[in-house]
Amino acid sequence: MRVIFLGPPGAGKGTQAKRTQERFRIPQLSTGDLLRAAVKAGSPLGQKARTFMDAGQLVPDDLVVALIVERMKQPDCGNGFILDGFPRTAGQAQALEAELKKAGAPIDMVINFAIDPERLIERLTGRRICPNGHGEYHIRFQPPKVEGKCDVCGEALVHRPDDHEDRIRTRMEAYTRDTEPLIGFYRSRGVLQSVDAESEIGAVTKAIDAALGAVR
Ligand code: AMP
């Protein structure tokens, strides 16, 4: 099953993708995570991407498309994948469609995370992440057991540089300008399903399960 999680930053795509990947046994492919790993490793791609990411701007399509196409070829994607944070522009959506057409394996469903943008500021400024990839927390809505430490590995949680308010505004603008039009693109393909991303985490998971269960 090949699925896209579409929605603004902070809508809960990453949190839900972690849950979906366990239940449906398909990997979460997050371009944000892949890019952050490239930045951390100091690779040429990471060096190019860093300036855009720190400013809250989108990384150019050619870099992101090459990265995700490479990742989709890995053996763990044989039964499908969840794309989290990709595509984010019309160019990326078209490149993805062309790539999947070659493989004869189109997208089965796009889950649109519908949420009021004002809620996102609160969610993102309070978000903290584990630097070792054990997921996300929120200082109010999903606090760790010990303040500031990951429940799994005990590492100090990180406040991402782009989760500060001025950067968040830039990311929202990029979402409205470049990504939101993809809702119409995927609706016209007949694969769009919206969930109410303002509900509590468990209720959103149930709604996603129900939608994806119908595909299987
Ligand atoms: P995320 O973790 O999905 O919020 O992504 C963090 C940052 O990585 C974004 O603000 C962009 O700078 C970059 N990024 C992630 N995915 C993409 C994408 N599909 N296209 C362009 N830039 C991206």
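As shown above, the structure is provided for reference.
With that out of the way, let us pick up the site of the ligand. Thr31, Arg36, Gln57, Gly85 and Gln92 are the nearest of the 16 residues found near the ligand. At 3.0 Å, a side-chain N or O of Arg88 approaches an oxygen atom of the ligand. Separating an oxygen atom of the ligand from a side-chain N or O atom of Arg171 is a distance of 3.1 Å. Protein coverage of the free-state accessible area of the ligand, which is 480 Å², stands at 95%. Top element by residues in the shell around the ligand is helix H2 (residues 31-41). It accounts for four residues.

Below, the discussion takes up the packing of aromatic side chains. Applying the stated criterion across every chain, the model contains two aromatic pairs. Centre to centre, the rings of Phe5 and Phe113 are 5.2 Å apart; their planes meet at 55°, and the pair counts as tilted. Taken together, the residues Phe5 in strand S1 (residues 2-6) and Phe113 in strand S4 (residues 109-114) connect sequence positions 108 residues apart. Taking the centre distance of 4.9 Å and the plane angle of 90° together, the rings of Phe185 and Tyr186 count as edge-to-face. A relative accessible area of 17% means that Phe185 is categorised as buried. Between the NZ or CZ atom of Arg189 and the centre of the ring of Phe185, over which it lies, the distance is 4.2 Å.

Parameters and conventions
- Residues numbered from 1 in each chain as written.
- Predicted model: local features only at pLDDT ≥ 70, side-chain atom pairs only at ≥ 80, totals over all residues.
- Heavy atoms only, no water.
- Near = heavy atom within 4 Å.
- Polar contact = N/O pair within 3.5 Å; in protein donor to acceptor, adjacent residues only side chain to side chain.
- Areas by Shrake-Rupley, 256 points an atom, 1.4 Å probe, with all protein chains shown as cover.
- Helix = DSSP H or I, 4+ residues; strand = E, 2+ residues; numbered from the N terminus.
- Phe/Tyr/Trp six-rings, centres within 6.5 Å; stacked < 30°, edge-to-face > 60°.
- Buried < 20%, exposed > 50% of the residue type's maximum accessible area, 1.4 Å probe, protein only.
- Lys NZ or Arg CZ within 6 Å of the ring centre and 35° of its normal.

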